[in-house]
Amino acid sequence: MQISKVQRRLASSILQCGKRKIWMDPNEINEISLSDKRKTVRKLIQDGIILKKNPKLHSKIRKKFHKEARQKGKHTGIGKRKGTSNARSAESVKWHFKQKVFRHLLKKYRTSEKIDRYLYRQLYLKSKGNAFKNKRVLLDYIHSAKSEYIRKKIKNERQLARHNKKTAIVKNRIYKFQDKMEKIYQDKKKI
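Parameters and conventions
- Residue positions within a chain follow its written sequence, with the count starting from 1.
- Note on the predicted model: pLDDT of at least 70 is required for a residue's local features to be given, and 80 or more for side-chain atom pairs to be given and counted; whole-chain, interface and lining totals, by contrast, use all residues.
- Computation of side-chain values: all heavy atoms of the structure, hydrogens and water removed.
- The distinction between a cavity and a pocket rests on a 1 Å grid over the protein atoms alone: a 1.4 Å probe fits inside a cavity but cannot get out, while a pocket stays open yet meets protein on both sides within 12 Å along at least five of seven lines, and a residue with an atom within 4 Å of a point counts as lining.
- Grid points are joined across faces, edges and corners, and a volume is the space filled by probe spheres set on the points.
- Secondary structure is summarised from DSSP: a helix means a run of H or I of at least four residues, a strand means a run of E of at least two, and numbering begins at the N terminus for each.
- One less than the number of residues in a helix, times 1.5 Å, gives the span that helix is expected to have.
- Only protein chains enter the accessibility calculation, which uses a 1.4 Å probe. A residue is then buried if its area is under 20% of the maximum for its type, exposed if over 50%, and partly exposed in between.
- Directions pointing from the helix axis toward each C-beta atom define the arc.
- Residue contacts follow a heavy-atom distance rule, with two residues in contact if any of their heavy atoms lie within 4.5 Å.
- To obtain each axis, a line is fitted to C-alpha atoms, and for helices this fit is confined to the stretch in contact; angles are then taken between N-to-C directions over 0 to 180 degrees.
- The crossing is said to be left-handed when, going from far helix to near helix, the turn is anticlockwise and less than a right angle, and right-handed when the turn is clockwise.
- Throughout, the ten residues Ala, Val, Leu, Ile, Met, Phe, Trp, Tyr, Cys and Pro are labelled nonpolar, Asp, Glu, Lys and Arg are labelled charged, and all others, Gly among them, are labelled polar.
- What makes a nonpolar core is a set of buried Ala, Val, Leu, Ile, Met, Phe, Trp, Tyr and Cys residues whose side-chain atoms join them at distances within 4.5 Å.
- Here a Phe, Tyr or Trp ring, Trp counted by its six-membered ring, pairs with any other such ring whose centre lies within 6.5 Å, and the pair is stacked when the planes are under 30 degrees apart, edge-to-face when over 60, and tilted otherwise.
- Two distance rules govern patches: like charges are joined within 9 Å, and nonpolar side chains (Val, Leu, Ile, Met, Phe, Trp, Tyr) within 5 Å, applied only to residues with over 30% relative accessible area and no salt bridge.
- Per-residue and other accessible areas were derived by the Shrake-Rupley procedure at a 1.4 Å probe size, with only the shown protein chains allowed to occlude residues.
- The term salt bridge refers to a side-chain nitrogen of Lys or Arg lying within 4 Å of a carboxyl oxygen of Asp or Glu.
- Charge assignment: positive for Lys and Arg, negative for Asp and Glu; neither His nor the chain ends contribute.
- A single reference atom marks each charge: NZ on Lys, CZ on Arg, CG on Asp, CD on Glu.

Engineer: Tell me about the layout of surface pockets, residues and numbers included.
Structural biologist: If you add up the space inside the largest pocket, you get close to 280 Å³. For the largest pocket, the lining is made up of 14 residues, of which Asp116, Leu119, Ala145, Lys146 and Tyr149 are closest to its centre. Mapped by element, the contributors of at least two residues to the lining of the largest pocket are helix 7 (117–128) and helix 8 (135–190). The element contributing the most residues to the lining of the largest pocket is helix 8, with 7 residues.

Engineer: Before we move on, could you go through helix 7 and cite the residues and values that matter?
Structural biologist: In this model helix 7 runs 16 Å from its N-terminal to its C-terminal C-alpha over 12 residues, within 8% of the 16 Å that 1.5 Å per residue would give. For helix 7, the full list of buried residues reads Leu119, Tyr120, Leu123, Tyr124 and Ser127. Down the axis of helix 7, the smallest arc covering the buried residues is 135 degrees, so these residues share one side. Exposed side chains of helix 7 directed beyond 90 degrees from the buried face belong to Tyr118 and Leu125. Buried positions along helix 7 lie against helix 6 (91–111) and helix 8. Two residues or fewer past helix 7, Asn130 is found with a positive phi of approximately 65 degrees.

Engineer: Could you give an account of the packing of helix 6 against helix 8, naming the residues involved and the relevant values?
Structural biologist: Helix 8 packs onto helix 6 with a crossing angle of 30 degrees between their chain directions and a minimal axis gap of 10 Å. The chirality of how helix 6 crosses helix 8 is right-handed. Side by side, helix 6 and helix 8 meet where Val101, Phe102, Leu105, Leu106 and Tyr109 of the first sit next to Lys135, Leu138, Leu139 and Ile142 of the second. For the contact of helix 6 with helix 8, the per-class residue count stands at 8 nonpolar, no polar and 1 charged.

Engineer: So, the nonpolar core: which residues are in play, and what are the values?
Structural biologist: In globular proteins that are soluble, nonpolar side chains generally tend to be buried together. Formed by 13 residues in total, the largest nonpolar core has its most connected members in Leu106, Ile115, Leu123, Leu138 and Ile142. By size, the runner-up hydrophobic cluster in this structure holds 10 residues, among which are Leu10, Cys17, Met24 and Ile32.

Engineer: For the packing of aromatic side chains, give the residues involved together with the corresponding values.
Structural biologist: Within the structure shown, the criterion is met by 3 aromatic pairs. Seen from their ring centres, Phe102 and Phe132 are 6.2 Å apart, and the 85 degrees between their planes marks the pair as edge-to-face. You can see Phe102 sitting in helix 6 and its partner Phe132 sitting in the loop between helix 7 and helix 8, a full 30 residues away along the chain. When sorted by exposure, Phe102 lands in the same class as Phe132, which is buried.

Engineer: An account of a positive patch on the surface is needed here, citing residue identities and associated values.
Structural biologist: Taken together, the side chains of Lys5, Arg9, Lys19, Arg38 and Arg42 make up a positively charged region of the molecular surface. Put simply, the parts of the chain that give the positive patch at least two residues each are helix 1 (5–15) and helix 3 (38–47). Looking at the secondary structure, you find Lys5 in helix 1.

Engineer: Explain the environment of Leu44 to me, and be specific about the residues and the numbers.
Structural biologist: Assignment of secondary structure puts Leu44 in helix 3. Spatially, the C-alpha atoms of Leu44 and Ala161 are 113 Å apart, while their sequence positions differ by 117 residues.

Engineer: Summarise unusual backbone geometry; cite the residues concerned and give the values.
Structural biologist: Backbone geometry follows two general trends: most residues other than glycine have a negative phi, and most peptide bonds adopt the trans configuration. Unusually for a residue other than glycine, His75 sits at a positive phi of about 60 degrees. Tracing the backbone shows His75 in the loop between helix 4 (61–72) and helix 5 (85–88). Judged by its relative accessible area of 36%, His75 falls in the partly exposed class. Not every positive phi belongs to a glycine, and Asn130 is a case in point at roughly 65 degrees. With respect to the helices and strands, the residue Asn130 is situated in the loop between helix 7 and helix 8. Note on Asn130: relative accessible area 43%, which makes it partly exposed.

Read these as spatial facts, not as claims about activity.
This is the structure we're talking about:
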């Protein structure tokens, strides 16, 4: 015997849910089919012959798997992109983060006296002008600039030493020449 639609309708209005959310015990079909009033349907609900099904939960496991895949780099091809590259990750924001990194590094190097204030100012302005692609490039530039500075310093010192040596030789010659001339002059006076 098929369960009547009346009982299902009555149960759904009593339990305040849809008709498909009503569960009726298939072993008690005869008893359910005899109940055609709200009062008897309520009694069946109390006895547990008619029940309200639990709501189906929307599983988020697929969403979780998809998120994990995206973190690995899947599902992020050209076909999945809606905005421009600048809209997806703004260049200005990247530039700001890069500047923060550069300025922090330069400040640290200046306080630890790895670079002097003149080189600091030069590098600060260069980084502001987007001369360095990343931190590693900046560090390479600092090392090369320091080595260049040391090389120039040594060269200047050598040049200065050479110059002083030459001037000393010239002065020594002049003194010798003057002494010689004085001796000659004194000899002529005696005669």
